[in-house]
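This is what each chain is made of:
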Amino acid sequence: MQPFVGMTIKELEAVAQENGERAYRGKQIAAWIYQRGATDLEMMTDLPKAFRAALAENYTVGLPETAHRDSAPDETVKYLLRQADGQTIESVYLPYPDRVSVCLSSQIGCAAGCRFCATAQGGLLRNLTTGEILGQFLRMQADGARRISHVVYMGMGEPLWNYDATVKSLRLLGNEVGLSFRNLTVSTVGVVPGIRALAKEEIPITLALSLHAPDDETREALIPTARKWKLDEILDACAEYVRTTHRNLTFEYLMIGGVNDRPEQARALASLLKSRKLPGNVNLIPFNYVETPQGFRRPERESVQQFREELEKAGRVATIRMTRGHAISAACGQLRRTVEPKLPKRPASEIPLALQTD
Ligand code: SAH
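Summarised in this report is the structure supplied together with it. Not measured: the values here are computed from a predicted model.

Points about the site of the ligand
As a structural note, the neighbourhood of the ligand is formed by 20 residues, with Phe 116, Ser 187, Ser 210, His 212 and Asn 288 the closest of them. At 2.9 Å, a backbone N or O of Phe 116 approaches a nitrogen atom of the ligand. Contacts to the ligand include Glu 158, whose side-chain N or O atom sits 3.0 Å from a nitrogen atom. When the ligand is considered free in solution it has 530 Å² of accessible area, and contact with the protein chains removes 96% of it.

As for the side chain of Ser 105
Considering the arrangement of structural elements, one finds Ser 105 in the loop between β6 (100-103) and β7 (107-109). Separated by 2.7 Å, the side chain of Ser 105 and the backbone oxygen of Glu 90 make a polar contact. A polar contact is formed between the side chain of Ser 105 and the backbone nitrogen of Met 156, at a distance of 2.9 Å. With sequence-adjacent residues up to four places away left out, Ser 105 is seen in contact with Ile 89, Glu 90, Leu 128, Ile 133, Gln 136, Gly 155 and Met 156.

Concerning the pairing of strand β11 (residues 206-210)
Counting buried positions along β11 yields five of five residues, so the element is predominantly enclosed. Where burial is concerned, the two faces of β11 agree: the one with Thr 206, Ala 208 and Ser 210 and the one with Leu 207 and Leu 209 are both buried. Across four bridges, the pairing between strand β10 (residues 184-188) and β11 is parallel. What sits directly across from Thr 185, in β11, is Thr 206. Following the backbone out of β10, through helix α6 (residues 192-199) and into the adjacent parallel β11, one traces a crossover that is right-handed. Pairing geometry for β11 and strand β12 (residues 249-255), over three bridges, is parallel. Paired with Ala 208 across the strands is Thr 250, a residue of β12.

Observations regarding the environment of Gln 2
Secondary-structure assignment places Gln 2 in strand β1 (residues 2-3). Remark: the alpha-carbon pair of Gln 2 and Leu 55, spanning 53 residues in sequence, is separated by 9.9 Å. Leaving out residues up to four positions away in the same chain, Gln 2 has contacts with Met 7, Asn 58, Tyr 59 and Thr 60.

Side note on the packing of aromatic side chains
Applying the stated rule across the entire model yields four aromatic pairs. Both rings, one in Phe 4 and one in Tyr 59, keep their centres 4.8 Å apart while their planes meet at 10°; by these two values the pair is stacked. Here Phe 4 is found in the loop between β1 and α1 (9-18), whereas its partner Tyr 59 is found in strand β2 (residues 59-60), with 55 residues between them in sequence. One exposure class covers both Phe 4 and Tyr 59, and it is buried. Considering the side-chain rings of Tyr 253 and Phe 307, the 4.8 Å spacing of their centres and the 35° angle between planes classify their relative orientation as tilted. Here the residue Tyr 253 occupies a position in strand β12, and Phe 307 occupies one in helix α10 (residues 301-313), the gap between them amounting to 54 residues. On the accessibility criterion, Tyr 253 (0% relative accessible area) is buried. Judged by its relative accessible area of 1%, Phe 307 falls in the buried class. Aromatic ring contacts, followed pair by pair, group Phe 287, Tyr 289 and Phe 296 into a single cluster. Here Arg 99 stacks its cationic end above the ring of Tyr 96, 4.3 Å away from the centre of that ring.

Observations concerning helix α2 (residues 24-35)
In this model α2 runs 16 Å from its N-terminal to its C-terminal C-alpha over twelve residues, within 8% of the 16 Å that 1.5 Å per residue would give. Along its buried surface, α2 packs onto α1, α3 (49-58), α4 (130-143) and α5 (163-177). At the exit of α2 stands Gly 37, carrying a positive phi of roughly 70°.

Here's the deal with the sheet that holds β10
With mixed pairing, the ten strands of this open sheet are ordered in space as β3-β4-β5-β6-β9-β10-β11-β12-β13-β14. Single-partner strands in this sheet number two, and they are β3 (65-71) and β14 (318-320). Strand-to-strand twist in this sheet, taken as the mean axis angle between neighbours without regard to direction, amounts to 20°. Two strands pair when backbone bridges link them, and β3 and strand β4 (residues 77-82) are joined in this way by six bridges, in the antiparallel orientation. When the sheet's bridge partners are listed, His 68 is paired in β4 with Leu 80. Sheet contacts for α4: β3, β4, β5 (88-95), β6 and β9 (150-153); angle to β5, the most-contacted strand, approximately 50°.

Quick notes on the environment of Pro 286
Within the element layout of this structure, Pro 286 appears in strand β13 (residues 280-286). On the basis of relative accessible area, Pro 286 is assigned to the buried category, the value being 7%. Residues Pro 286 and His 68, spaced 218 residues apart in sequence, show a C-alpha to C-alpha distance of 27 Å. Those residues within four positions of Pro 286 in sequence are excluded, and the remaining contacts are Met 255, Arg 298, Pro 299, Val 304, Ile 320 and Arg 321.

Thresholds, definitions, all that
- Residues numbered from 1 in each chain as written.
- Predicted model: local features only at pLDDT ≥ 70, side-chain atom pairs only at ≥ 80, totals over all residues.
- Heavy atoms only, no water.
- Near = heavy atom within 4 Å.
- Polar contact = N/O pair within 3.5 Å; in protein donor to acceptor, adjacent residues only side chain to side chain.
- Areas by Shrake-Rupley, 256 points an atom, 1.4 Å probe, with all protein chains shown as cover.
- Helix = DSSP H or I, 4+ residues; strand = E, 2+ residues; numbered from the N terminus.
- Contact = heavy atoms within 4.5 Å.
- Buried < 20%, exposed > 50% of the residue type's maximum accessible area, 1.4 Å probe, protein only.
- Pairing = 2+ DSSP bridges.
- Right-handed = clockwise from strand over helix to strand, strands pointing away.
- Phe/Tyr/Trp six-rings, centres within 6.5 Å; stacked < 30°, edge-to-face > 60°.
- Lys NZ or Arg CZ within 6 Å of the ring centre and 35° of its normal.
- Expected span 1.5 Å × (residues − 1).
- Axes fitted to C-alpha atoms, helices over the stretch in contact; angles between N-to-C directions.

Encoded structure:
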């Protein structure tokens, strides 16, 4: 069985023609899947019955099954989605007053090995296909009442190590689903060839770089791939991205208590970005708890505030990312490959007070 999800209008038109129908039938299928929320061929009632029956022999819509759903008090929903081969991934639905955003996974597991991230702990199993990346969006859209307007590729995996499927899924979200490319954000650990290739795609998405440290030494202690690609080379690729796309970047800065949260590190970060003439905001992400051998901990609230002030004093706009979904381990860095749905939710008493009030 071949899934429809992941195919462009053109590819669906070809399928229609191969099955003895006119090309516009492909457009109809695309509209059903990408805009009208069809999860099954049977829902496509304006296709001739015989055509639907012929399609059903070889094709399915191909959305993942929801193996488990967990809702947090802040209305964040974490999905455990089962793929056709039985493997599961996590995706997150994030409703805000003015918009709905979803966080998608790009791989099953991850090979980057970041010391602070739960996904890294199980290693990489495989890439997701274009349809599996998009299937997460469509499953959550079919489930939720509100229209999803924003997508961040910040779930499991490194999107630029699954480059072709990531780029095709971005194009489908912009062209077939109809989202604004500006509302699509790809976050990367700093895969230099991927950043350079993305710069040439001519899709005006937002690129977010997981910077996390102002110098290579600190960065290498947190991110093993930092040994391969030094800040110098990564920031050069980012400058090229800005030059060709005219888009600002977002710099993500994960803050770990006592590791990278000192005021002088904020000043070093500001001058690093300034010396490279790189535009873009810094998004500070206080560490979400993941058990680590190093015993990483969340920074003090005051350090985060001070870090932000230092950046702003140096002329750099900085925001602090609100923690969402922490009660259900759906926050950044807490997504894993396998989750035992029967495990009890973490009782609220185990969540540090500082987080509960975020
Ligand atoms: N591989 C991509 C995207 C996935 S992670 C990347 O590295 O950017 C999305 C963001 O969550 C990254 O900035 C990542 O560094 C951050 N993150 C990972 N673990 C975290 C944790 N425990 N607490 C807070 N943020 C974390």
